[in-house]
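Topology and contacts: notes
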6 protein chains.
Amino acid sequence: MRTDGRTSDQLRNIHIETDYTKHPEGSVLISIGDTKVICNASIEERVPPFMRNQGKGWIAAEYSMLPRATEQRNIRESSKGKVSGRTMEIQRLIGRALRSVVDLNQIGERTCWIDCDVIQADGGTRTASITGAFVAMAIAFNRLIERGVIKKMPIREFIAATSVGVAPEKGEILDLCYLEDSKAHVDMNVIMTSEKEFVELQGTGEEATFSYKQLQTLLELADKGITELIEHQKEALGDIQHLIGEK
Amino acid sequence: MRTDGRTSDQLRNIHIETDYTKHPEGSVLISIGDTKVICNASIEERVPPFMRNQGKGWIAAEYSMLPRATEQRNIRESSKGKVSGRTMEIQRLIGRALRSVVDLNQIGERTCWIDCDVIQADGGTRTASITGAFVAMAIAFNRLIERGVIKKMPIREFIAATSVGVAPEKGEILDLCYLEDSKAHVDMNVIMTSEKEFVELQGTGEEATFSYKQLQTLLELADKGITELIEHQKEALGDIQHLIGEK
Amino acid sequence: MRTDGRTSDQLRNIHIETDYTKHPEGSVLISIGDTKVICNASIEERVPPFMRNQGKGWIAAEYSMLPRATEQRNIRESSKGKVSGRTMEIQRLIGRALRSVVDLNQIGERTCWIDCDVIQADGGTRTASITGAFVAMAIAFNRLIERGVIKKMPIREFIAATSVGVAPEKGEILDLCYLEDSKAHVDMNVIMTSEKEFVELQGTGEEATFSYKQLQTLLELADKGITELIEHQKEALGDIQHLIGEK
Amino acid sequence: MRTDGRTSDQLRNIHIETDYTKHPEGSVLISIGDTKVICNASIEERVPPFMRNQGKGWIAAEYSMLPRATEQRNIRESSKGKVSGRTMEIQRLIGRALRSVVDLNQIGERTCWIDCDVIQADGGTRTASITGAFVAMAIAFNRLIERGVIKKMPIREFIAATSVGVAPEKGEILDLCYLEDSKAHVDMNVIMTSEKEFVELQGTGEEATFSYKQLQTLLELADKGITELIEHQKEALGDIQHLIGEK
Amino acid sequence: MRTDGRTSDQLRNIHIETDYTKHPEGSVLISIGDTKVICNASIEERVPPFMRNQGKGWIAAEYSMLPRATEQRNIRESSKGKVSGRTMEIQRLIGRALRSVVDLNQIGERTCWIDCDVIQADGGTRTASITGAFVAMAIAFNRLIERGVIKKMPIREFIAATSVGVAPEKGEILDLCYLEDSKAHVDMNVIMTSEKEFVELQGTGEEATFSYKQLQTLLELADKGITELIEHQKEALGDIQHLIGEK
Amino acid sequence: MRTDGRTSDQLRNIHIETDYTKHPEGSVLISIGDTKVICNASIEERVPPFMRNQGKGWIAAEYSMLPRATEQRNIRESSKGKVSGRTMEIQRLIGRALRSVVDLNQIGERTCWIDCDVIQADGGTRTASITGAFVAMAIAFNRLIERGVIKKMPIREFIAATSVGVAPEKGEILDLCYLEDSKAHVDMNVIMTSEKEFVELQGTGEEATFSYKQLQTLLELADKGITELIEHQKEALGDIQHLIGEK
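Residues numbered from 1 in each chain as written. Chains lettered and ligands numbered in written order. Predicted model: local features only at pLDDT ≥ 70, side-chain atom pairs only at ≥ 80, totals over all residues. Heavy atoms only, no water.

**Let's talk about the interface of chain F and chain E**
Frequently, the measure chosen for interface size is the accessible area removed from exposure when the parts meet. Of the residues lining the interface, 32 residues belong to chain F; the matching set on chain E comes to 32 residues. A buried area of about 3000 Å², summed over both sides, lies between chain F and chain E, and 51% of it is on carbon and sulfur atoms. Two residues, F:Arg92 and E:Glu89, come together in a salt bridge whose shortest N-O distance is 2.6 Å. One can count 14 residue pairs in polar contact (both at pLDDT 80 or more) joining chain F with chain E. When residues of the side of chain F that touches chain E are traced back to their parent elements, those giving at least two are helix H2 (85-99), strand S8 (186-193), strand S9 (198-205) and helix H5 (212-237) of chain F. Counting residues per element, the side of chain F that touches chain E draws most heavily on S9(F), at 8 residues. Residue classes in the side of chain F that touches chain E are distributed as 12 nonpolar, 11 polar and 9 charged. The pairing of strand S9 (residues 198-205) of chain E with S9(F) spans 5 bridges and is antiparallel. In the strand pairing of S9(F), E:Leu201 is matched with F:Gly203. (Contact = heavy atoms within 4.5 Å. Buried area = accessible area lost by both parts, 1.4 Å probe. Salt bridge = Lys/Arg side-chain N within 4 Å of Asp/Glu carboxyl O. Polar contact = N/O pair within 3.5 Å; in protein donor to acceptor, adjacent residues only side chain to side chain. Helix = DSSP H or I, 4+ residues; strand = E, 2+ residues; numbered from the N terminus. Nonpolar A, V, L, I, M, F, W, Y, C, P; charged D, E, K, R; others polar. Pairing = 2+ DSSP bridges.)

In structure tokens, the structure reads:
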């Protein structure tokens, strides 16, 4: 039995609220258990310098936590004057994941900025960010379609992300909360598509290692969790879900 | 008649939600019209270097906006690697205002960190931050009382803040939304106590000036607005309101 | 009686020396008591990016203190690698104040850079900077007229600035020296025009508050001080004074 | 057939030169094909602040490239004034990997600094860094044993790292050179121990995805490569190899 | 004949004003032709970390230019967020030069901070800084003697500095003004003691070289100039001059 | 007799290895005793902003040390986020020295980047950098000739650099190793051409001074050392040596 009474293959409660704030083209508040992330998608009418004059778009992500999203208050990265290695890793991961299922040629020379701001953290903030950001991005692209700026949805497939891990006594578990994460021997983030293909796999044994057999069990748990998360994304998107992957 | 149908001495709709996130000692979401600010108060068991060994506490504030709190997306200050002059002005103002009504000797060598994070902006974010932060701070100090850490509420008086200004055709108005603020000739932020004393007065004629008579009208409007704002603070605080200013 | 023998409504000795250094278009050394500030005005033949292609000019100010302008040596901001919040507040204030009385359309796509460098500090450095910078700016614009670059003086009115405050035993006083400033309950900076209109009003109760009645007395003192300061500006400007506000 | 004539499961030529420079406790030049990395291990007699007073040691890694290690010259990170996200990711990865096989309690309050400086790059610099750094670290710890500072080798197992990927026409391949890496659909870095346990698994589909079956083939290739790399490490370490994992 | 009518071995007009500002322990305004530098010496009751617990003192120098000390306005180093290579070179040079003639053991664990702020530049600002800073430092140490903090003057000898160079048509010249400096083939800064010993010699052929014979002529010119500069230092110091080098 | 058995006018062993790494246009590993520096020359098809549209080229140098090039590990400048004053001085010196013997008009609007990376330090790293960088630069320019990009070698003369100094008991010595350098009273870096003209002369008495007679002896030693160093450069360059200085 896990701390919060879940079985080893059970996700926490999920809630995806759309149109959370009024300015962004796509705005989502995703809650996975006590982890809450505002995911905003903004369309900018230009691309970064290294992408110019290629007729293609770009997707860039930024990630941040409110100082008191966590149990202990953290110093703001703006006050420190630099972004931490952890933050950079996460924002590179979010951007890469979303780009893997978007046809950048179809969005023209535009950037879709993804801002993931964690207002409350309880483990799994990066995977919640990806899962929520996917929804915000789809809404933002739909707005471009409605405005006649692009013709069809440039997203090929759904993606969602979750964490799996090996816990001291409970073995392999799905969707770790902070308490579980801080004690786990092995921590793995998995990003998969609705077609059950991997987009990204990051498994780490912090002061520990893991076997091939453990890896197989972890990937089965991730598969189950991601299938459920994609159902929640579809529900949140309503009719927009049908545009994704359309020929 | 103003853009949103208000009279010149009318505040926007106000909502103060307490216990907004779970980790901070005091957590508030304040909405003033479409301006929404998360105000978190955190207690840290030490003071900044310049305050050490004086047996007194400190109140420090930080302010930030989500990149897409505004109509156009702003670059994060953490990405730019420095905090803007505007942000610094605002966080210095919030800290100074709150310190003016707290007996720092009563909180011991502790810092009360105030984090104001604007998730949606429509004018008046600094005054909303002060009004909301006051409530979060009172809740945080009350928690210290409940835990037996301090004996009595160290807050002497209520304070709240609002903006007043001179608009092109409408003259003096109370609580400017973004559209009004961007067109105003004169912009003034007023912070007052429940005893109708001034804590801070910042009036600016951007490419314009203002007369003594206009100043008087602006201060009357501010007085009316702040009286109402303090009523909302009291309601949000419930029983805690009675601890403030107690002998 | 005040520390230095002044009455409560008396300014310190004022001296404004023009043509202080040879390179700037306008160069002034202003002394107000022991506060000495070099105010240089430089004309640059371009505007900042956000002002381009509007056919208008800009006025930008920077403020700094020599490390040993004060009783204790301060670390240089260039060594610290960043400008403090206090410095940013002051330079934004100086720029805003000067822009309020200049017709930016008349100076073309040029920037008037104002550099205020405090070589000796004894309170009131920001108000002395504004008062001195006004003179340096007028001289610089006059040079543009002499060179045939612009046709008429773009300054509409005189402005000057002073500080007023509430002192522990003496009550309301004008033009605080450092010793008075460090003990004052209330500190207010006032910037006014020769027409007795306000440009900026910044009153702060540091761990204190102030009443409407006190505000009225402070504004009367400021009015008297600024009237005298403008007389000194006129004397320093000689014939140039008559160009200001000319139709 | 691959560009350089290798079969799909063939590593490039490997050379590990020990005692490369004279100052470090452990100094190695590792060459894997045309990729050359200087891996230095330095012992510092203190630990970072967050590890103090726990009686344990720490392993920290830094990674850098000479500006012209690559075909196009890169701007130095010291000139840019900040370390890139990519560099941070790599140095966090190297440190985490090495810590996973070291008993930090046995090294006392010391830091083993690992510096990986790429002098020539041709793909796989991060995996070469880990493989070489392991050897440098073992030599440095052996020096501590020789000096009587610690009693036994704190390393429990060998680890090495390699890259595998999916290439456009050739399918799954082992140890990608730069040309192969830049064209690969899927890129995976694998760190394994001599006991065939995983330490870290990072698989990324850049604008592509990969199936469970592909994952299995990639892991088999990695297993073969890492087994060979560990043989090279043993040869380079000579007698020191027998101390690793001793009870 | 030189631009300003001087002979090749003639210094510009020199003026050294002491007690220029009121706060520093030693404060000097040195004018060499149109080059004007405020040189302040401040005593701090501690030494930098690398000098602690050695019972010795330290002399540290900082150098800066007002933005409009030059014909074209320069951007402040505090705004740029970093100190230029040129500034660093100069402040290291000033500190090293002054330390060469001071017995650091005699000043105890104190730092003598030297601040050289150029308010008007016309060539030779670094040599004027050294020459003026020497005087400010002697006055500051004398104040420590007067206060009974140290027993005797810790300065062993006088030093002063000047520039010499090779000009296109005029050959070797002494004390180059800005116009001469910008055209010179060879530029040399010489720091010498009253005993005619060298403290520092920095000769540079910018896109040119110089012969042994030219070097000899340049050193003779420097010798003559420095002898005169030391006379001016003595005059400025009055009675304090006799304490320097006393047994 | 010196520590390592050399006579006072004897250089350490010198080895210049060309084509050290494969990517740069010119790549050299220079060893002078135990000092080892990788000197890479890279051609970039543009010039820095201040050189644009003049039809001329530029030579820019950067210098760095591996963290453990020295006996104690140094913190990376990229981690500190800024380049030290010492590094800036050295890279400015290397660039200036090389530019003094190159006809920048002949290389077109190109930058020759010189990267000097010290992998092992034992004194004299800046002079070894210059001596090695000259060779790398000549090879890089020769490659431009081979590719038909430029017509003739733009280098007018050979230059090399060495250090000389005054040691406590041994008097004037040539080519100081780290141990000698750290004890020397006087330290002088000399850069000379094959025509025995000076390019740069930097003599410093660290807490000491030196006489005119000592200067003469030091310059004789430098002359002897540089003559030998240029012989080594010629040998390393092979046939390319004859292109230098050709009409």
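**Focus: the UniProt feature "domain: Exoribonuclease phosphorolytic" (unreviewed entry) in chain A**
Residue and element names in this part refer to chain A. In this numbering, the UniProt entry assigns the feature "domain: Exoribonuclease phosphorolytic" (unreviewed entry) to residues 10-140 and 158-224. The span residues 10-140 is 27% helical and 31% strand by assignment, and the distance between its end C-alpha atoms comes to 31 Å. Along residues 158-224 the backbone is 28% helical and 43% strand, and the end-to-end C-alpha distance reaches 15 Å. (UniProt positions renumbered as here; feature names shortened; annotations may be inferred.)

**Concerning the pairing of strand S6 (residues 159-167) of chain D**
Residue and element names in this part refer to chain D. Most of S6 sits out of view: 9 of its 9 residues are buried. Here S6 shows no split at all, with Ile159, Ala161, Ser163, Gly165 and Ala167 on one side and Ala160, Thr162, Val164 and Val166 on the other all buried. As judged from the 8 bridges shared by S6 and strand S8 (residues 186-193), these two strands associate in the antiparallel manner. Note that in S8 the partner of isoleucine 159 across the bridge is threonine 193. Judged from the 4 bridges that link them, S6 and strand S7 (residues 171-174) form a sheet pairing that is antiparallel. Looking at S7, one finds that valine 166 is bridged to glutamate 172. (Buried < 20%, exposed > 50% of the residue type's maximum accessible area, 1.4 Å probe, protein only.)

**So, the packing of helix H2 (residues 85-99) of chain A against helix H3 (residues 125-146) of chain A**
Residues and elements named next belong to chain A. Between H2 and H3, the shortest axis-to-axis distance is 10 Å and the interhelical angle comes to 40 degrees. By the criterion of interaxial angle, the relationship of H2 to H3 is oblique. Regarding H2 and H3, the two cross each other, and that crossing is right-handed. For the pair H2 and H3, contact is made by Arg86, Glu89, Ile90, Leu93, Ile94, Ala97 and Leu98 and by Thr125, Arg126, Ser129, Ile130, Ala133, Phe134 and Met137, respectively. In terms of residue class, the contact of H2 with H3 is made up of 9 nonpolar, 2 polar and 3 charged. (Axes fitted to C-alpha atoms, helices over the stretch in contact; angles between N-to-C directions. Parallel < 35°, antiparallel > 145°, perpendicular 65-115°, else oblique. Left-handed = near helix turned anticlockwise from the far one by under 90°.)

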